[in-house]
Amino acid sequence: MSSSSSSDDSDEDIILQILINLPRPRRFRDRSNPLQDYDDLDFKYRFRLSKETFMILLHMIGDSIKHKTNRSSSLSPVLQLLIALRYYATGAFQMVLGDHIHVHKSTVCRVIKTVSTEIARLRPHFIEFPSTVAEQQRVQLGFFRLHQFPRVIGALDCSHIRIQSPKSDIGEQFRNRKGWPGSVHDSTIFDNSLIRAKFENNEFGNTFLLGDGGYPCRNYLLTPLLNPRTEAERKYQKAQIGSRNVVERLFGVLKRRFPVLAVGIRTKLSTTMATIVATAVLYNFLLKEKDEIPQEIDNHLIDIELLQEIPTLPIRQLINAERSHLINTVFS
């Protein structure tokens, strides 16, 4: 009798130890489905696009962001895209985690990098300079209709986007005179661009870019006059500034639609660059889909003070024969 009891006790101890050492069952929080939980207006307010456009975008990148595992804990492409879009619309991980999307912050970081990279890969389809004669003529006509400035195929400007300091030996290279990230002058950025090289090689024919006083005046890059005196010079000045203004307004609209560009990006540098390109791709994608933000939403998107740009230091403008000829013939 005692022997049997001792054996039973031993068996119970073994079973107890097995139960204690079993892995804890994983608990999954219920995740909402914003596509079902919000109406069209609320969905666009939170994610900056319509449900219909969301599905088009999902179809474009869904396979690329789909997890290779079938584990129940993996995030679906739908939820990954919603997380990234919510981040672009807020700029804050804490707000991304809101709206009942229960995902750990580290997972959010990985998702944003993955989704941003895949959206940025669409750049050749949505960010391109007019290359064919037909495209250039269409753009020139659009600019001419604005303020009767001829042969313009592009307006040039730069915008500051606040980023998290790299916190390394190169950190100060990203800081400008106002203490903001970004120390490179607008003209330096342009001089190191492929577009500048193509214009120098005369690949765009007898066409112009328009820039502000932060760029040097060249035969293909026309800038404002320092002190217009004649009526023809004043006409040129008004047309040049009015036509160039489209790119300045663009930055404001872009930052209002994707406030992460205005409030600041606090991710690793590689993710930051992917995010900037991704939002630019999304902007042009939404234009193509005619997916506009309703006025009642646009009025509450972001404080206009966050959109203020740092004035670019003007550079010395030399007399330019091409600009002078245009003033004396077209604007006289």
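The model shown is predicted, which means the values in this text are computed figures rather than measured ones.

## Some points on the sheet that holds strand S1 (residues 152-155)
Logical step 1: One open sheet accounts for three strands, arranged S1-S2-S3; its pairing is parallel. Two strands in the sheet have a free side with no partner beyond their single neighbour: S1 and strand S3 (221-222).
Logical step 2: Contacts from helix H12 (residues 231-257) reach S1, strand S2 (208-210) and S3 within the one sheet, and its direction differs from that of S1 by about 60 degrees.

## A closer look at unusual backbone geometry
Logical step 1: If you check the backbone angles, Gln148 has positive phi at about 60 degrees while not being a glycine.
Logical step 2: Position of Gln148 among the secondary structure elements: in the loop between helix H9 (133-147) and S1.
Logical step 3: Assessed through its relative accessible area of 43%, Gln148 is described here as partly exposed.
Logical step 4: Phi at Asn202 is positive, roughly 60 degrees, even though this residue is not glycine.
Logical step 5: Given the relative accessible area of 53%, Asn202 is considered exposed.

## Here's the deal with the confidence of the model for the protein chain
Logical step 1: Considering every residue of the protein chain, the mean pLDDT works out to 83; 75% of them sit at 70 or more.
Logical step 2: Low pLDDT, under 50, characterises residues 25-29; the predicted model gives this stretch five contacts beyond four residues in sequence or across chains.

## Description of the environment of Val281
Logical step 1: Looking at the element boundaries, Val281 is found in helix H14 (residues 269-288).
Logical step 2: On the accessibility criterion, Val281 (1% relative accessible area) is buried.
Logical step 3: A C-alpha to C-alpha distance of 7.1 Å links Val281 and Ile119, two positions 162 residues apart in sequence.
Logical step 4: When residues no more than four places from it in sequence are discounted, the contact partners of Val281 are Ile119, Ala120, Leu122, Arg123, Phe126 and Ile127.

## With respect to the nonpolar core
Logical step 1: The biggest cluster of nonpolar side chains holds 41 residues, and the ones touching the most others in it are Phe54, Leu81, Tyr88 and Ile119.
Logical step 2: Within the residue set of this core, elements represented by two or more residues are helix H3 (40-47), helix H4 (51-65), helix H5 (77-90), helix H6 (93-96), helix H7 (105-120), helix H13 (260-263) and H14.
Logical step 3: Residue contacts for Ile119: discarding those within four places in its chain leaves Leu57, Ile61, Leu81, Tyr88, Ala278, Val281 and Leu282.
Logical step 4: If you look at the next biggest cluster of nonpolar residues, it comprises 24 residues, including Phe149, Leu156, Leu221 and Ala232.

## A word on the packing of aromatic side chains
Logical step 1: By the definition in use, this model includes 13 aromatic pairs.
Logical step 2: With 5.9 Å between their ring centres and 85 degrees between their planes, Phe43 and Phe54 make a pair best called edge-to-face. Note that Phe43 is positioned in helix H3 and Phe54 in helix H4, a separation of eleven residues in sequence. Each member of the pair, Phe43 together with Phe54, is buried.
Logical step 3: Relative to Tyr215, the ring of Phe190 has its centre 6.3 Å away and its plane inclined at 90 degrees; by these criteria the two rings are edge-to-face. Of the two residues, Phe190 sits in helix H10 (residues 186-191) while Tyr215 sits in the loop between S2 and S3, which places them 25 residues apart along the sequence.
Logical step 4: Members of the aromatic cluster, each reached through a chain of ring pairs, are Phe129, Phe199, Phe204 and Tyr220.

Analysis parameters
- Residues numbered from 1 in each chain as written.
- Predicted model: local features only at pLDDT ≥ 70, side-chain atom pairs only at ≥ 80, totals over all residues.
- Heavy atoms only, no water.
- Pairing = 2+ DSSP bridges.
- Helix = DSSP H or I, 4+ residues; strand = E, 2+ residues; numbered from the N terminus.
- Contact = heavy atoms within 4.5 Å.
- Axes fitted to C-alpha atoms, helices over the stretch in contact; angles between N-to-C directions.
- Buried < 20%, exposed > 50% of the residue type's maximum accessible area, 1.4 Å probe, protein only.
- pLDDT = per-residue confidence, 0-100.
- Core = buried A, V, L, I, M, F, W, Y, C linked by side-chain atoms within 4.5 Å.
- Phe/Tyr/Trp six-rings, centres within 6.5 Å; stacked < 30°, edge-to-face > 60°.

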